[in-house]
Amino acid sequence: MNAQAEYSKEPFIRVIQARKESAEKLNFTVEFSFPQNFLDGITLENIKEAYRNMDRRIKLKYRVSIYEKGILFNKKIAEKELSKKWVLYWTRDPTILERYRTNIWVLGIDENLESEFFMDFEEAKTFLFSLRETFSVQPESFADKGSKVFAEIQVRSHRHYFIEAINSKVRSATITIV
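Here the residue numbers are simple positions, counted from 1 along each chain's written sequence. Given that this is a predicted model, residues contribute local features only at a pLDDT of at least 70 and side-chain atom pairs are listed and counted only at 80 or more, while totals for whole chains, interfaces and linings are drawn from all residues. Side-chain calculation: all heavy atoms of the structure are included, whereas hydrogens and water are not.

**Examining the environment of G41**
Line of reasoning, step 1. Within the secondary structure, G41 sits in the loop between α1 (36-40) and α2 (44-52).
Line of reasoning, step 2. Between the alpha carbons of G41 and I163 there is a distance of 9.0 Å; along the sequence they are 122 residues apart. Runs of H or I in DSSP of at least four residues are treated as helices and runs of E of at least two as strands, each being numbered from the N terminus.

**Examining the pattern of salt bridges**
Line of reasoning, step 1. Salt bridge, as applied in this entry: a Lys or Arg side-chain nitrogen positioned within 4 Å of an Asp or Glu carboxyl oxygen. A complete count under the given rule lists ten salt bridges for this structure.
Line of reasoning, step 2. The salt bridge involving R132 is made with E31; its shortest N-O contact spans 1.8 Å. One end of the pair, R132, is in strand β7 (residues 130-137); the other, E31, is in strand β2 (residues 26-33), with 101 residues separating them in the sequence.
Line of reasoning, step 3. R132 gets classed as exposed once you look at its relative accessible area, which sits at 52%.
Line of reasoning, step 4. When its relative accessible area of 25% is taken as the criterion, E31 is described as partly exposed.
Line of reasoning, step 5. Ionic pairing is found between R52 and E49, a salt bridge with its closest N-O pair at 2.3 Å. Of this pair, R52 and E49 both sit in helix α2, three residues apart, which is roughly one turn of the helix.
Line of reasoning, step 6. Salt bridges sharing partners connect three or more residues here, namely R63, K76, E79 and E81. Exposure categories follow from relative accessible area, calculated using a 1.4 Å probe and restricted to protein chains: below 20% of the type maximum is buried, above 50% is exposed, and the middle band is partly exposed.

**Overview of the pairing of strand β9 (residues 166-171)**
Line of reasoning, step 1. By the alternation rule, side chains of β9 split into I166, S168 and V170, which are all buried, and N167, K169 and R171, of which none is buried.
Line of reasoning, step 2. Between any two strands, at least two bridges found by DSSP are needed for them to pair. Across six bridges, the pairing between strand β8 (residues 148-157) and β9 is antiparallel. The residue bridging Q154 from the neighbouring strand is K169, located in β9.

**Digging into the nonpolar core**
Line of reasoning, step 1. Among the nonpolar cores identified, the biggest contains 43 residues, and F34 and W86 are the most heavily contacted of them.
Line of reasoning, step 2. In this text, buried Ala, Val, Leu, Ile, Met, Phe, Trp, Tyr and Cys residues form a nonpolar core when linked through side-chain atoms within 4.5 Å. Listed in part, the five residues of the second largest apolar core include V87, I96, W105 and I109.

**Details of α2**
Line of reasoning, step 1. Every buried residue of α2 is listed here: L44, N46, I47, K48, A50 and Y51.
Line of reasoning, step 2. Immediately beyond the C-terminal end of α2, within one or two residues, lies M54, with a positive phi of roughly 65°.

**Some points on helix α4 (residues 121-129)**
Line of reasoning, step 1. Looking only at α4, the buried set comprises F121, A124, K125, F127, L128 and F129. Down the axis of α4, the buried set is contained in an arc of 165°. They therefore lie on one face.
Line of reasoning, step 2. Within 3.5 Å is the distance limit for a polar contact, defined as a pair of N or O atoms, with the added protein rule that one can donate a hydrogen and the other accept it, and that residues adjacent in sequence qualify only through two side-chain atoms. Of the residues that open α4, the one with a side-chain oxygen 3.3 Å from the backbone nitrogen of E122 is D120. The directions from the helix axis to the C-beta atoms form the arc being described.

Rendered as structure tokens:
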């Protein structure tokens with residue numbers, strides 16, 4: 001079963017927001033999520049099959065960059081590399097069986113190696129397949145006050161039982177810094 005959909009036709013980056021915190025810094029918030037048609041293809045049945053086929057660790061790598069749009073070239077203002085992963089486990093715990101309606105459950109691990117057990121499968125999908133990052137940038141990093149800024153996200157993953165290999169780069173709409 002393959003959940004890979006035509007996700008490149010919908011934008012990955014939903015919001016880029018600039019907010020002035022003080023005279024010394026600007027905060028940029030970048031929100032990213034795979035489209036719903038991609039997420040709908042990832043089901044508990046797919047996860048159970050992946051577990052049976054020894055595909056028990058799913059890792060996505062994200063590179064998030066903020067650029068100032070230039071006339072001839074774009075200037076990179078900030079960049080972060082992050083990774084998130086799922087580890088699938090089998091259990092007989094009745095509380096997990098009741099929540100997930102299956103013996104397989106998901107442990108999420110973020111870039112800081114902090115792990116989280118999710119109350120339901122939809123939360124687990126949101127954790128792995130979406131991202132919200134905030135960047136603090138010094139105003140002197142920009143050429144002038146009316147600078148145009150955009151975010152770019154690159155997502156990579158190896159092929160897994162329920163998704164094809166991912167290597168995509170998408171760009172947000174441009175906003176103007178006032």
